[in-house]
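Listed here are the chains, written in short residue letters.
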Amino acid sequence: MAKRRRGARRHPTPPLSPKANGLALLGLGVLALLLSGAASQHAVLAPLLTAIRALAVGLMGLGLLVLWLAHHRERRQQAVAFLPTIAPLQVLAPLGSAEASAPVKASAPQPKPRLVATAWSGEVLAAIEWRRFEAVCEALFAQAGFEPTSQSHGPDGGVDIWLHSRHADRAVSVVQCKHWRSRPVGVKEVREFFGVMASHGLKRGTYATSSTFTPDALAFAQANGIHTLDGEGLLALIARRTPEQQQALLAVAHEGEYWRPTCASCGLKMVERTPREGGAAFWGCPAYPRCRRTMAMAMAAN
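Residues numbered from 1 in each chain as written. Predicted model: local features only at pLDDT ≥ 70, side-chain atom pairs only at ≥ 80, totals over all residues. Heavy atoms only, no water.

**Looking at the environment of Phe-133**
Here's step 1: Inspection of the secondary structure puts Phe-133 in helix 4 (residues 130-143).
Here's step 2: Once you skip the residues sitting within four places of it in the chain, Phe-133 turns out to touch Leu-125, Ile-128, Cys-177, Lys-178, His-179, Ala-208, Thr-209, Ser-210 and Leu-234. (Helix = DSSP H or I, 4+ residues; strand = E, 2+ residues; numbered from the N terminus. Contact = heavy atoms within 4.5 Å.)

What follows is the structure in structure tokens.
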């Protein structure tokens, strides 16, 4: 709010909104158009008829443009829901995925202290969200000398990370990441990944998960040139890095709101919601209703 100057007798006039400016320009254009009609009947104003009509068309066009821009600005502002304020860090609750079709509403934020780990452990893998897990895997391969590229959201075609070599013009390998807490990766998921590798003409690939693999999945992977990394394998690989590299990976894991899941469709941080009809709280995309992706806060299957 503007401060009132000493001795001033009136408050400054607030600026007009974009919508009001658009309506004003449109009104002036209509007025100029009416004036052009009167000019055609007046001998003195007749020579100015063309200029007045051009001014009328210009003002009306500019007014419509301003109104259109104001309308789309309001729609963009309404599309993004309110993000609750986040308090200091604490240990994350288990994450999973689920779809909720019932009408939802954003729940009130409940600040809780969060702790950032100082060393790698299984608790770190469980605490971070899926996008942070992918980022850790990407950084781990970068430390190994690859040039990784990843896709933060949207359809990934079964590939989360492409691994490039300085001596090759195309990707030399691909990585699929699955951030599951307890559900093991089955042979179905590994077969699908092998199909993606074959479609790109790649003979090498890595399947990384924070959980484990079923025996059938491990056997299929070994027979088809797929390197598997489960939670224990990832921690063992990280443990072989230098202390500085381990701390760098830990910083990647705890970057930003590491506990808050990312919408896989929009790349936006999800917000806590509760069904209007009651029930357990869940994560929902802030772009609702344009994006209806949801994720359960805790799911025993994952």
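Picking up where we left off.
**Here we look at the pairing of strand 3 (residues 161-164)**
Here's step 1: What you see with strand 3 is a clean split: Ile-161 and Leu-163 sit on the buried side and Trp-162 and His-164 on the side with no burial.
Here's step 2: By the bridge criterion, four bridges tie strand 3 to strand 4 (residues 171-178) in an arrangement that is antiparallel. Considered in strand 4, the bridge of Trp-162 is made with Val-174.
Here's step 3: Counting the residues that bridge the hairpin from strand 3 to strand 4 gives six residues. (Buried < 20%, exposed > 50% of the residue type's maximum accessible area, 1.4 Å probe, protein only. Pairing = 2+ DSSP bridges.)

**Here we look at the environment of Arg-260**
Here's step 1: As for its position among the elements, Arg-260 is in the loop between helix 8 (243-253) and strand 7 (271-275).
Here's step 2: Looking at Arg-260, the relative accessible area reads 5%, which means it is buried.
Here's step 3: Each C-alpha atom, one on Arg-260 and one on Arg-131, is 9.6 Å from the other, the two residues being 129 residues apart in sequence.

**With respect to the state of the cysteines**
Here's step 1: Summed over all chains, the structure comprises zero disulfides.
Here's step 2: Distance from the sulfur of Cys-266, which forms no disulfide, to the nearest cysteine sulfur (Cys-291) is 3.5 Å.
Here's step 3: In this structure Cys-266 comes out as buried when scored by relative accessible area, which is 18%. (Disulfide = S-S within 2.5 Å.)

**A few points about the sheet that holds strand 2 (residues 147-150)**
Here's step 1: Across the sheet, five strands lie side by side as 2-3-4-5-6; this open sheet has mixed pairing. Two strands in the sheet have a free side with no partner beyond their single neighbour: strand 2 and strand 6 (226-229). Strand-to-strand twist across the sheet, computed as the mean angle between neighbouring axes with direction ignored, equals 20°.
Here's step 2: Sitting on the sheet, helix 5 (residues 187-199) is in contact with strand 4, strand 5 (205-209) and strand 6, with an inclination near 145° to strand 5. (Axes fitted to C-alpha atoms, helices over the stretch in contact; angles between N-to-C directions.)

**A word on unusual backbone geometry**
Here's step 1: Of note, the bond from Tyr-288 into Pro-289 is cis; its omega dihedral lies within 30 degrees of zero at 10°.
Here's step 2: Following the sequence through the fold, Pro-289 ends up in the loop between strand 8 (282-284) and strand 9 (294-296).

**Regarding the packing of helix 5 against helix 6 (residues 215-223)**
Here's step 1: Where helix 5 meets helix 6, the closest approach of the two axes is 8 Å, and the angle between their N-to-C directions is 20°. By the angle class used here, helix 5 and helix 6 are roughly parallel. Listed contacts from helix 6 to Val-187, Val-190, Arg-191 and Phe-194 of helix 5 are Asp-216, Ala-217, Phe-220 and Ala-221.
Here's step 2: Broken down by class, the residue content of the contact of helix 5 with helix 6 amounts to six nonpolar, no polar and two charged. (Parallel < 35°, antiparallel > 145°, perpendicular 65-115°, else oblique. Nonpolar A, V, L, I, M, F, W, Y, C, P; charged D, E, K, R; others polar.)

**Details of the packing of helix 4 against helix 7 (residues 231-239)**
Here's step 1: Following both chains from N to C, one finds helix 4 and helix 7 inclined at 45°, their axes separated by 12 Å at the closest point. Between helix 4 and helix 7, the interaxial angle falls into the category oblique. The two elements helix 4 and helix 7 meet at a crossing, and its hand is left-handed. Counting all contacts with helix 4, which are made through Phe-133, Cys-137 and Leu-140, the residues of helix 7 involved are Leu-234, Leu-237 and Ile-238.
Here's step 2: Grouping the constituent residues of the contact of helix 4 with helix 7 by class yields six nonpolar, no polar and no charged. (Left-handed = near helix turned anticlockwise from the far one by under 90°.)

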